[in-house]
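Residues per chain, in single letters:
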Amino acid sequence: MTEPGSKPLAGRTLIMSGGSRGIGLEIAKRAAADGANITLIAKTDQPHPKLPGTIHTAAAELEEAGGQVLPFVGDVRIDESVAEAVRQTVERFGGIDIVVNNASAIDLSNTDALSMKKYDLMQDINCRGSFLLSKLSLPYLRESAKAGRNPHILTLSPPLNLDPKWAGASLGYTIAKYGMSLTTLGLAEELKNDGIGVNSLWPRTTIATAAVRNLLGGDQMIATSRTPDIYADSAYLVLTSPAEKTTGNFFIDDEVLAAHGITDLDKYRVVPGDAELTTDLFL
């Protein structure tokens, strides 16, 4: 566990897909508070009618929190766009120490109802995007490891739960999210001698974000969710763990906190009290 008052991510460089709002932004803010350098690769250049935040408002929040920020308006589906984001990150900050695969599209429709356009969108952002950003960052993560800078890849994806109910409920989305998780499984094995920590992190409960409100369950589900802070705090603990010993894991947020002695989770509830929280998908 990091020493109180220490800032282990100070001067480290983190590149994240998405991050203009929600969970990604909270994770980035936690790193920014240490004084990290942060590149956000996000498409949200102009305000969205239903969603708060753009890449520019996110960058301002991160700088206010203490970070140095490169807001890169780009698309994780486009090879050249991600390559340019990586190039600019290395040019500005001198390398890459942390990759966070945060960008994700969701549609829980069953197979009959899911358009192939939406299917392709989920595979391209979730699975291919995570593979691509990780792949293009590998040379710099290896350099980070040689320099003793504790490099990590963290992907926001679930444990590989082969209970048929998950694939049966929303096959297109399950394929896309498990593709992200297979990236963790495979890269952890591929890079096990390189000193790069490769892990996934998933929340025990639904998290109160605009996506949950708009796409999943509205205000009722928000009320039985935890705040994005729990994801950010657990991600921070993973990213500051020793990379060579912390790899190939499918972490759950509250288990990470418990392993660090944090078991009182009341502060993370959207609505205080003892009401039953909504368990997230794939658990």
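Here is a short report on the structure shown in this document. As the structure is a computational prediction, the values presented were derived from the model and not from experiment.

### Focus on the pairing of strand β3 (residues 68-73)
Thinking step 1. Two elements, strand β2 (residues 37-42) and β3, share 6 bridges in a ladder whose sense is parallel. Each bridged residue has a counterpart across the sheet, and for L40 the counterpart in β3 is P71.
Thinking step 2. Note that the unit made of β2, helix α2 (residues 55-65) and β3 has a crossover that is right-handed.

### Brief notes about helix α8 (residues 228-239)
Thinking step 1. The end-to-end C-alpha distance of α8 is 16 Å, a good match for the 16 Å that 12 residues give at a rise of 1.5 Å each.
Thinking step 2. By the criterion of burial, α8 is predominantly enclosed, with 11 of the 12 residues buried.

### Some details on the pairing of strand β1 (residues 13-17)
Thinking step 1. Summarising burial for β1: 5 of the 5 residues are buried, a large majority.
Thinking step 2. Neither face of β1 is exposed, since T13, I15 and S17 on one face and L14 and M16 on the opposite face are all buried.
Thinking step 3. Bridging between β1 and β2 involves 5 bridges; their strand directions are parallel. Bridge pairing links L14 to I38 in β2.
Thinking step 4. Strand direction decides the pairing type here: β1 and strand β4 (residues 98-101), joined by 3 bridges, are parallel. By the bridge assignment, L14 is partnered in β4 with I98.

### Some remarks on the side chain of S241
Thinking step 1. In this structure, S241 sits in the loop between α8 and β7 (249-252).
Thinking step 2. If we ignore the near neighbours within four places in the chain, the residues touching S241 are N150, H152 and T246.

### Re the nonpolar core
Thinking step 1. L14, I27, I38, L40, L62, I153 and Y231 are the most contacted members of the largest nonpolar core, which has 68 residues in total.
Thinking step 2. With 8 residues, α8 is the largest single contributor of residues to this core.
Thinking step 3. Once residues within four sequence positions are removed from consideration, I38 is found in contact with L14, A28, A31, A32, L62, Q68, V69, L70 and F93.

Conventions we followed
Residues numbered from 1 in each chain as written. Predicted model: local features only at pLDDT ≥ 70, side-chain atom pairs only at ≥ 80, totals over all residues. Heavy atoms only, no water. Pairing = 2+ DSSP bridges. Helix = DSSP H or I, 4+ residues; strand = E, 2+ residues; numbered from the N terminus. Right-handed = clockwise from strand over helix to strand, strands pointing away. Expected span 1.5 Å × (residues − 1). Buried < 20%, exposed > 50% of the residue type's maximum accessible area, 1.4 Å probe, protein only. Contact = heavy atoms within 4.5 Å. Core = buried A, V, L, I, M, F, W, Y, C linked by side-chain atoms within 4.5 Å.

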